[in-house]
Amino acid sequence: MNKKKIFSPKTLTEYHELYSKIENSKIIIFAGGTDLMVGKEELPEDAVFVSLSELEELKGIEKKGDTIIIGPSSTLNEILHSPVIQEELLILIQAIRTMASEQVRNRATIGGNIGNASPAGDTITPLVVLGASLTIFSPRTATERNISFSEYFCGPCANTLDNGELITKIIIPIPLKKMKCYFRKVGQRNAMTITKASLSCFAEIDNDEILDIRLAAGSVSPTVRRLIKTEEFLKHKTISERTVEEAKRILEKEISPITDIRSTKAFRELLTKNLLGDCLRSILLYEQ
Ligand SMILES: Cc1cc2nc3c(=O)[nH]c(=O)nc-3n(C[C@H](O)[C@H](O)[C@H](O)COP(=O)(O)OP(=O)(O)OC[C@H]3O[C@@H](n4cnc5c(N)ncnc54)[C@H](O)[C@@H]3O)c2cc1C
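Each value, and the rule that gives it
Residues numbered from 1 in each chain as written. Predicted model: local features only at pLDDT ≥ 70, side-chain atom pairs only at ≥ 80, totals over all residues. Heavy atoms only, no water. Helix = DSSP H or I, 4+ residues; strand = E, 2+ residues; numbered from the N terminus. Buried < 20%, exposed > 50% of the residue type's maximum accessible area, 1.4 Å probe, protein only. Contact = heavy atoms within 4.5 Å. Phe/Tyr/Trp six-rings, centres within 6.5 Å; stacked < 30°, edge-to-face > 60°. Polar contact = N/O pair within 3.5 Å; in protein donor to acceptor, adjacent residues only side chain to side chain. Pairing = 2+ DSSP bridges. Axes fitted to C-alpha atoms, helices over the stretch in contact; angles between N-to-C directions.

**Observations concerning the overall build of the protein**
- When you go through the protein residue by residue, the secondary structure sums to twelve helices and 13 strands.
- Over its C-alpha atoms, taken along the principal directions, the protein stretches across nearly 60 × 45 × 35 Å.
- When burial is assessed residue by residue, the protein has 51% of its 288 residues classed as buried.
- Of the contacts formed within the protein by residues at least 6 apart in sequence, a portion of 61% connects residues at least 24 apart.

Structure (structure tokens):
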């Protein structure tokens with residue numbers, strides 16, 4: 001068996017220096033390693049592994065002004081138990097509660113979930129409706145830049161990061177307290193399950209009228225993005241059964257699920273429409 005080269009830089013400066021020596025290799029970054037371990041991808045012989053476990057700059061959760069900044073190496077359980085996240089980002093708590101198991105959540109990181117860029121990644125739809133953005137570190141130039149999720153994704157399980165680039169911050173604007181949030185995921189069973197379809201929503205309701213709404217569906221399109229047409233239709237409507245049915249018809253045209261080993265296209269379509277109905281009805285119920 002070939003010996004693998006594994007490096008564990010302690011600072012971003014150290015990673016920048018290391019990069020000049022390994023830039024011509026395929027660089028495999030890992031945080032918790034829970035995805036990498038089970039990956040089926042054949043890795044090139046000269047692959048160089050970079051562990052993020054000792055990079056303190058990528059850890060921690062802090063409130064800064066009207067944003068929350070999450071270090072990508074924060075584990076799912078650290079986020080779940082963070083008082084700041086519990087206070088301000090309930091939708092992320094709702095999503096992470098459905099993910100994996102206690103043991104996996106102790107290792108798995110939010111940066112790894114974003115790093116995969118899977119349309120089934122359960123932290124992705126909440127982050128999209130929250131309007132989160134990412135700070136990216138380029139080891140070649142030792143500089144950082146900010147990008148939105150729409151600039152980050154470029155296909156199913158594909159992102160726009162260059163070889164060796166790192167997510168260093170997840171920046172989340174704190175939502176207004178009056179916004180109602182919704183997250184539901186449907187899988188094969190209740191625990192340890194990969195999403196067949198999921199829906200995240202933020203809505204502001206006044207006297208049964210939807211003043212504002214943000215929607216994103218998981219596992220039903222090549223990349224997760226806002227469902228703009230459905231949102232536009234729902235704005236300034238009151239929620240009636242007629243509105244729900246019309247919204248479902250619009251949503252159906254905005255998603256493009258595929259048939260794979262977990263589900264059929266038709267079933268995913270039906271699930272997502274039903275999730276929208278459940279979301280709109282429960283948002284109205286919370287209001288009463
Ligand atoms: C049993 C089991 C159950 C699971 N259940 C769920 C589930 O319910 N929902 C769900 O969404 N996922 C689930 N997963 C998938 C996985 O645990 C999550 O996606 C997790 O968040 C990955 O985090 P990690 O730190 O282990 O990633 P890693 O395996 O370390 O990395 C994953 C990818 O992200 C990249 N990456 C990591 N950190 C960075 C960074 N800072 N910058 C750039 N790229 C980075 C890596 O290069 C790699 O491509 C499950 C996995 C297992 C094994």
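**Section: the packing of aromatic side chains**
- This model, assessed by the stated rule, comprises five aromatic pairs.
- Ring centres of Phe30 and Phe49 lie 6.4 Å apart, and the angle between their planes is 70 degrees; on these two criteria the pair is classed as edge-to-face. Highlighted residues: Phe30 in strand β2 (residues 27–30) and Phe49 in strand β3 (residues 48–51), separated in sequence by 19 residues.
- We classify Phe49 as buried; its relative accessible area is 9%.
- With a centroid separation of 5.6 Å and 40 degrees between ring planes, the pair formed by Phe149 and Phe153 is classed as tilted.

**What to know about unusual backbone geometry**
- Positive phi, normally seen in glycine, also occurs at Asn207, with a value near 50 degrees.
- Structurally, Asn207 is set in the loop between β12 (195–206) and β13 (209–218).
- Unlike most non-glycine residues, Ser219 shows phi in positive territory, near 70 degrees.
- With respect to the element layout, Ser219 can be found in the loop between β13 and α10 (228–234).

**Side note on the side chain of Arg105**
- Within the secondary structure, Arg105 is located in helix α6 (residues 102–107).
- Assessed through its relative accessible area of 10%, Arg105 is described here as buried.
- Engagement of the side chain of Arg105 in a polar contact is seen with the side chain of Glu102, the distance being 3.0 Å.
- Discounting residues that sit within four places of it in the chain, Arg105 has contacts with Thr75, Leu76, Asn77, Leu80, Ile96, Arg97, Met99 and Ala100.

**Quick look at the sheet that holds strand β4 (residues 61–64)**
- Ordered in space as β4-β5-β10-β6-β7, the five strands form an open sheet in which the pairing is antiparallel. This sheet does not close on itself; its edge strands, each paired only once, are β4 and β7 (143–148). Going from strand to strand, the sheet's axes swing by 25 degrees on average, the running direction of each strand aside.

**Some details on the pairing of β3**
- Burial of the side chains of β3 extends over both faces: Val48 and Val50 are buried on one face and Phe49 and Ser51 on the other.
- Bridge count between strand β1 (residues 5–7) and β3: three bridges; the pairing is parallel. From the neighbouring strand, Lys5 faces β3, where its bridge partner is Val48.
- In terms of strand pairing, β2 meets β3 through four bridges, oriented parallel. Its bridge partner lying in β3, Ile28 is registered against Phe49.

In short, shape yes, function no, at least from these values alone.
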